[in-house]
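# Reading the structure
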Amino acid sequence: MRAASRSVDLNLEGIRSGDRRALSRFLTLVENNRDAVAEELAELSPYADDRQIIGVTGPPGSGKSTLIAALTKLYREGGRTVAIVAVDPSSPFTGGALLGDRIRLKALAGDKGVFIRSMASRGSLGGLAWRTQDVVRVLAAAGFDTVIVETVGAGQTEVDIAGLSPTTIVVQAPGAGDDVQANKAGLLEIADILVVNKSDLPGAERAKNALKAMLDLGHPTKAKAGDKPIWVPPIVLTSAIEERGVKDLAECIASHFSYLQKHGLLVAFQATQLRAEFMYRLRETLQGRLFDTFTAEEFAGIITHMVQERIDPQCAVDQLLQKLEFRRRR
Ligand SMILES: Nc1nc2c(ncn2[C@@H]2O[C@H](COP(=O)(O)OP(=O)(O)OP(=O)(O)O)[C@@H](O)[C@H]2O)c(=O)[nH]1
Ligand SMILES: [Mg+2]
């Protein structure tokens, strides 16, 4: 089964050389059955990555997808290839936004230098961040110059966008008395670049000033930051539908990338990310091994025993691990 699917679906050379069908098929496997493609994923090394990964987040409807489309258009004019990953919190069956994103981005769909992938969380807890990470890694390995990941902010997905992308853009829209949405959702802290989109509507300047005031309050002073190089998140006004301010945004993204490179922060970011991934996979693997070794009934029995015998939970864990050792040696 595995050998057969390998020859048909796991055409890594095809992926690297831009075969979209091979890429789509591989991504489906990565999302649905990672274990089956673990070796191939490992071959697409996460190290030495010179691609630009950009995270775009913000409240629902602030214009993230439209802005990404405008930014992508600009990048394409400059000859860069772009992959877009839209992480939608709703299920693929009810997710209107998923369809909406597709329609909005349709203008780009015929372009060979653009690849769009939607991912749904399917109500699964945990793991989505790492699945997204895998998808981003494959797209980077497939040779796209820029990978843009869109997630809805405000805690609607468990994807920690700031952990995924070295450059995080938080997109706001001016709203009636709602200028501080980003702050409420804790998004200000993760923003490398702040965007007030829909600047063709009234209130954009006011929203910008409100954001600036908040940034001034929360921003580390030189003294506080010590020797760490300081990046002051710029606030950019855009109108994605009128394609205004997009060039400014692209310039801010380029400056942030240079800043990361100049101070060795890209490498540091990657190391932090790989450490976190290592810990996650270690936990998952060990837990998986435990569940492979003991049946659900055995597990329930162990816990019942712990409660009945008034055993301290840590002691129960130690006893269980001893049993596991014993079984392995047998
Ligand atoms: N006036 C105005 N409307 C905009 C602008 N950008 C996007 N919109 C509109 O705002 C609505 C939402 O845009 P999207 O790009 O789907 O926003 P989003 O943040 O991706 O939305 P979700 O993914 O559903 O959270 C759409 O009707 C867009 O046409 C803008 O610059 N100005
Ligand atoms: Mg969207």
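Fair warning: this is a prediction, and the values are worked out from it, not measured in the lab.

## Side note on the overall build of the protein
Scanning the protein from terminus to terminus reveals 16 helices and 7 strands. Every one of the 330 residues in the protein was classed for burial, and the buried ones make up 44%. Of all intrachain contacts in the protein linking residues separated by at least 6 positions in sequence, the fraction that spans at least 24 positions is 75%. Just so you have it, the protein exposes about 17700 Å², and 56% of that area is on carbon and sulfur atoms.

## Let's talk about the pairing of strand β4 (residues 146-151)
Here β4 lies mainly inside the structure; 6 of its 6 residues are buried. The side-chain alternation of β4 yields two buried faces, one formed by T146, I148 and E150 and the other by V147, V149 and T151. Here strand β1 (residues 52-57) pairs with β4 via 5 bridges, running parallel. Bridge pairing in β4 links I54 to I148.

## Concerning the side chain of E277
By the secondary structure assignment, E277 is in helix α14 (residues 265-293). For E277, the side chain forms a polar contact with the side chain of R137, separated by 2.7 Å. When sequence neighbours within four positions are dropped, the list of residues in contact with E277 reads R34, W130, Q133, D134 and R137.

## Observations regarding the pairing of strand β3 (residues 114-120)
A large share of β3 lies buried, amounting to 6 of its 7 residues. Alignment of strand β2 (residues 82-88) against β3, held across 7 bridges, turns out to be parallel. Within the sheet, the bridge partner assigned to V85 lies in β3 and is R117.

## Structural notes on unusual backbone geometry
The backbone of K198 shows a phi angle near 60°, a positive value even though the residue is not glycine. The exposure class assigned to K198 is partly exposed, which follows from its relative accessible area of 27%. The phi angle at E243 is positive, at roughly 55°, despite the residue not being glycine. Mapping E243 onto the fold places it in the loop between β7 (235-237) and α13 (246-262).

Conventions used here
Residues numbered from 1 in each chain as written. Chains lettered and ligands numbered in written order. Predicted model: local features only at pLDDT ≥ 70, side-chain atom pairs only at ≥ 80, totals over all residues. Heavy atoms only, no water. Helix = DSSP H or I, 4+ residues; strand = E, 2+ residues; numbered from the N terminus. Buried < 20%, exposed > 50% of the residue type's maximum accessible area, 1.4 Å probe, protein only. Contact = heavy atoms within 4.5 Å. Areas by Shrake-Rupley, 256 points an atom, 1.4 Å probe, with all protein chains shown as cover. Pairing = 2+ DSSP bridges. Polar contact = N/O pair within 3.5 Å; in protein donor to acceptor, adjacent residues only side chain to side chain.

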